[in-house]
Amino acid sequence: MSTAPQILTERLCLRAHCEEDHSSAIEIWQHSEVYAFIIGSPLSSQDVWMRLLRYGGLWDMLGYGYWALEERATGKYVGQLGFADFKRGLIGFDGRYPEAGWVLHPDMAGKGYATEGMQAACAWLDAQPDRARSFCIISADNSRSVRVAEKLGYRFLLDTMFGEEKTAVYFRER
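By convention here, each chain's residues receive numbers from 1 onward along its written sequence. Only residues with pLDDT of 70 or above have their local features reported here, since the model is predicted, and side-chain atom pairs are shown and tallied only from 80 upward, although totals for entire chains, interfaces and linings are computed over all residues. Calculated side-chain values reflect all of the structure's heavy atoms, with hydrogen atoms and water omitted.

Asker: Sorry if this is basic, but what is going on with the layout of surface pockets here?
Answerer: By volume, the largest pocket is sized at about 1200 Å³. What lines the largest pocket is a set of 46 residues, among which Phe37, Ile38, Trp102, Asn142 and Ser145 lie closest to the centre. Think of it this way: any DSSP run of H or I at least four residues long counts as a helix, any run of E at least two long counts as a strand, and we number them from the N terminus. Elements that contribute at least two residues to the lining of the largest pocket include exactly α2 (32-38), α3 (45-62), β5 (99-104), α4 (113-126), β6 (133-139), α5 (143-151) and β8 (165-173). When residue character is reported, Ala, Val, Leu, Ile, Met, Phe, Trp, Tyr, Cys and Pro are called nonpolar, Asp, Glu, Lys and Arg charged, and the others, Gly included, polar. Considering only residue class, the lining of the largest pocket consists of 24 nonpolar, eleven polar and eleven charged. The way it works is a 1 Å grid over only the protein atoms, where trapped points that fit a 1.4 Å probe form a cavity and open points with protein on both sides within 12 Å along at least five of seven lines form a pocket, and then any residue with an atom within 4 Å of a point lines it. Grid points are joined across faces, edges and corners, and a volume is the space filled by probe spheres set on the points.

Here is the structure:
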């Protein structure tokens, strides 16, 4: 069992991932509107499965991690969000803080789910005694995620390279 706490918002449930999330997560990670900004190509079923397993392990290893994002009204899995330490080795930024991230099915765009879910996740992180800071990286072309980050209090810090792509680092302090 994962140690991920369940968090309820008005419209969403942030909960631990489970095996039943796999098929919905595949649909998300094979959608071009998702992978274009993050990894550049669709993930295979196995890659998505390994990602879900990684999310569960984050909680036990680091005390924070990613939640499955579920629509309360329907019980539908609509995405994943939370914090990780991916040891990215970003040039110009040490990255020793939790890295925030959010991925939602494109059909959920414009509903405010990313903001609502991440507000709850950030409130949870802010309540942890040794987690006063976090950061996120966002592709310069991903204006929707930039808006979400700014609503959450993330502020642009610097541009860096992630692989061969220019990406922006945003930083947040509670």
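This is not the end of the story, as more comes after the structure.
Asker: What exactly am I supposed to notice about the pattern of salt bridges here?
Answerer: Side chains that differ in charge, positive against negative, can pair when their charged atoms come close. A pairing counts as a salt bridge when a side-chain nitrogen of Lys or Arg comes within 4 Å of a carboxyl oxygen of Asp or Glu. Under the criterion given, the structure shown has nine salt bridges. Between arginine 15 and aspartate 21 there is a salt bridge, with the nearest N and O atoms lying 2.7 Å from each other. Exposure classes here rest on a 1.4 Å probe applied to the protein chains alone. A residue is buried below 20% of its type maximum, exposed above 50%, and partly exposed in between. You can call arginine 15 buried: its relative accessible area is 14%. The partner of glutamate 173 in a salt bridge is arginine 133, with the nearest N and O atoms 3.2 Å apart. Within this pair, whereas glutamate 173 is found in strand β8, its partner arginine 133 is found in strand β6, the two being separated by 40 residues in sequence. One connected set of salt bridges, linked through shared partners, spans Arg15, Asp21 and Glu70.

Asker: Got a minute to help me understand the environment of glycine 57 in this structure?
Answerer: For glycine 57, the position within the fold is in helix α3. With 67 residues separating them in the primary sequence, glycine 57 and tryptophan 124 have C-alpha atoms 18 Å apart.

Asker: Help me understand the environment of phenylalanine 156 in this model?
Answerer: Structurally, phenylalanine 156 is set in strand β7 (residues 155-162). Judged by relative accessible area, which is 45%, phenylalanine 156 ranks as partly exposed. Along the backbone, phenylalanine 156 and valine 146 are ten residues apart, and their C-alpha atoms lie at a distance of 9.2 Å.

Asker: Which parts of the structure should I look at to understand the pairing of strand β2 (residues 12-15)?
Answerer: By the alternation rule, side chains of β2 split into Leu12 and Leu14 and Cys13 and Arg15, which are all buried. In this scheme, strands are said to pair when DSSP sees at least two bridges between them. Judged from the two bridges that link them, strand β1 (residues 7-8) and β2 form a sheet pairing that is antiparallel. The residue bridging leucine 8 from the neighbouring strand is cysteine 13, located in β2. Adjacent in sequence and paired antiparallel, β1 and β2 are bridged by three residues. Direction of pairing for β2 relative to strand β3 (residues 66-71): antiparallel, over a ladder of four bridges.

Asker: What am I meant to see in the state of the cysteines here?
Answerer: Linking two cysteines covalently via their sulfur atoms produces the bond known as a disulfide. We call a pair of cysteine sulfur atoms a disulfide when they lie within 2.5 Å. Scanning the model with the defined rule gives zero disulfides in all. A disulfide-free cysteine, cysteine 18 has its sulfur positioned 10 Å from the sulfur of cysteine 13, the nearest such atom. A residue is classified by how much of its surface remains accessible, and cysteine 18, at 31% relative accessible area, is partly exposed. Here cysteine 136 stays free of any disulfide, with the sulfur of cysteine 122 as its closest cysteine sulfur at 8.7 Å.

Asker: Teacher, can you tell me more about the side chain of serine 145 here?
Answerer: Tracing the backbone shows serine 145 in helix α5. Residue classification places serine 145 among the buried positions, given a relative accessible area of 13%. Note on definitions: a residue-residue contact is assigned when non-hydrogen atoms from the two residues lie within 4.5 Å. Apart from residues lying up to four places away in sequence, serine 145 is in contact with Trp102 and Ile138.

Asker: Looking at this structure, I do not really get the packing of aromatic side chains. What am I missing?
Answerer: Two numbers describe a pair of aromatic rings. These are the distance of the centres and the angle of the planes. Stacked, tilted and edge-to-face are the three classes applied to pairs of Phe, Tyr and Trp rings, where Trp contributes its six-membered ring and a pair requires centres within 6.5 Å; stacked means planes under 30 degrees apart, edge-to-face means over 60, and tilted covers the rest. Following the criterion strictly, the structure yields seven aromatic pairs and no others. Seen from their ring centres, tryptophan 59 and tryptophan 67 are 4.9 Å apart, and the 65 degrees between their planes marks the pair as edge-to-face. The pair formed by tryptophan 59 and tryptophan 67 is uniform in burial state, with each residue classed as buried. Grouping aromatic residues by their ring pairs yields a cluster made of Tyr55, Tyr66 and Phe86. For a lysine, the NZ atom is tested; for an arginine, the CZ atom; a charge sits over a ring if that atom is within 6 Å of the ring centre and within 35 degrees of the ring normal. Taking NZ or CZ as reference, arginine 51 lies 4.1 Å from the ring centre of tryptophan 29, over its face.

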